[in-house]
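Structure assessment
Next come the chains, spelled out residue by residue.
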Amino acid sequence: MATVIGLFAGVLLANRYLISRDMEKAAAVDEIAPTSAPAAVQEESKEKNEIVAPAEIKPAEASETTASSASQFAYNGVYSRAQICEIAAPSVVGIDVVTPVSFYGRIYESEGSGSGVILTSDGYIATCAHVVEDATKITVILNDDTEYEAKLVGKDSRNDLAIIKIEAANLTAAEIGDSDMLTVGEDVIAIGNPLGELRGTATSGIISALRRPVTVEKVNMELIQTDAAISPGNSGGGLFNAAGKLIGIVNAKASGDNAEGLGVFVAGGDVLPAGEL
């Protein structure tokens, strides 16, 4: 019995010695390897885990202007259809004319109507030459129904353009856009005086073709084609782009049972030279 107790006590002492030795080793390890890693390891870890702030994002460099992107970005802004009408409608006027007509040797007065676009705040207005051709009296009706007598300043029959003048001030003039920047499929709005009594009527469409060869009254011209609805009385009205800028003057519409949505416009860039006549 004593021998068994002695052996048991010896085992306990041996275990205690082993436990004590392991604890001392552990303490030594803690002193040699502190909880924080060495500086080199810390730096490497920092480099791996550091969240690097992104470099300044620079806009992509503008690529060379193409036909498909030019009109989209060349203008100062793009507006809704309602905003375009609000911007452009005050610059579009109605035009009533009186023209002498000979019938069986007698002279009669014939009345007609068209549209025009104000180019300057002091009363210069663009319209079609055929609207005011041979007119003895030209009356301009503004967007607010104010009427003015107008005089013909000059015309270019080949391009079917004319400039008339009213004595007025502080008018709302259209801003001229760059018709050379137009693209097929671009949204446009036509504003005019259809039927001679519906001033300020707006119709929407797209650019259907550019520089379309067209013969109008035996005159060959290159015109803008659109599918915006055009009616008698629209001649001389304006075609406006998504920035509310004038890009064309209504010239003619193909008529007939087999023709729909075929309106043509004189390019806006061709308007100003006529004003120099």
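The structure this text deals with has already been given above.
All values reported here derive from a predicted model rather than from experimental measurement. (Residues numbered from 1 in each chain as written. Predicted model: local features only at pLDDT ≥ 70, side-chain atom pairs only at ≥ 80, totals over all residues. Heavy atoms only, no water.)

Considerations on the sheet that holds strand β6 (residues 161-166)
Through backbone hydrogen bonds, the strands of a sheet pair up, either in parallel or in antiparallel fashion. Read around the barrel, six strands follow the order β1-β2-β3-β6-β5-β4 and close on themselves; strand pairing throughout is antiparallel. Here the average twist between neighbouring strands, direction ignored, is 40 degrees. Note that strand β1 (residues 92-103) and strand β2 (residues 106-118) share 12 bridges and pair antiparallel. Residue F103 lies in a different strand from β2, and its bridge partner there is R106. (Pairing = 2+ DSSP bridges. Helix = DSSP H or I, 4+ residues; strand = E, 2+ residues; numbered from the N terminus. Axes fitted to C-alpha atoms, helices over the stretch in contact; angles between N-to-C directions.)

Some points on the environment of L142
Along the chain, L142 falls in the loop between β4 (137-141) and β5 (147-156). The exposure class assigned to L142 is buried, which follows from its relative accessible area of 8%. A C-alpha to C-alpha distance of 8.1 Å links L142 and S91, two positions 51 residues apart in sequence. Not counting residues up to four positions away in its chain, the partners in contact with L142 are V93, I118, Y148, I166, L171 and R199. (Buried < 20%, exposed > 50% of the residue type's maximum accessible area, 1.4 Å probe, protein only. Contact = heavy atoms within 4.5 Å.)

Some remarks on unusual backbone geometry
Positioned with a positive phi, D134 is a non-glycine residue whose angle comes to about 60 degrees. In this structure D134 comes out as exposed when scored by relative accessible area, which is 54%. For D145, which is not a glycine, the phi torsion comes out positive at approximately 75 degrees. Looking at the element boundaries, D145 is found in the loop between β4 and β5.

Description of the packing of aromatic side chains
The tally for this structure, following the rule as stated, stands at two aromatic pairs. On the basis of an interplanar angle of 90 degrees and a centroid distance of 4.5 Å, the ring pair of F103 and Y104 is categorised as edge-to-face. With relative accessibility at 48%, the residue F103 sits in the partly exposed group. Note on Y104: relative accessible area 75%, which makes it exposed. Each ring, one from F103 and one from Y108, has its centre 6.2 Å from the other, and the planes form 65 degrees; the classification is edge-to-face. Here Y108 falls in the partly exposed class, since its relative accessible area comes to 36%. One aromatic cluster in this structure is built from F103, Y104 and Y108. Above the ring of Y124, the side-chain terminus of K165 is found at 5.3 Å from the ring centroid. (Phe/Tyr/Trp six-rings, centres within 6.5 Å; stacked < 30°, edge-to-face > 60°. Lys NZ or Arg CZ within 6 Å of the ring centre and 35° of its normal.)

Brief notes about the nonpolar core
If you look at the biggest cluster of nonpolar residues, it comprises 33 residues, and the most contacted ones within it are I95, V140, I164, I166 and F240. Looking at which element gives the most residues to this core, the answer is β6, with five residues. Not counting residues up to four positions away in its chain, the partners in contact with I164 are I95, G123, Y124, I125, V132, I138, V140, A150, K151, L152 and V153. Core analysis: the next-biggest nonpolar cluster, separate from the first, contains 10 residues, V188, I224, I230 and L239 among them. (Core = buried A, V, L, I, M, F, W, Y, C linked by side-chain atoms within 4.5 Å.)

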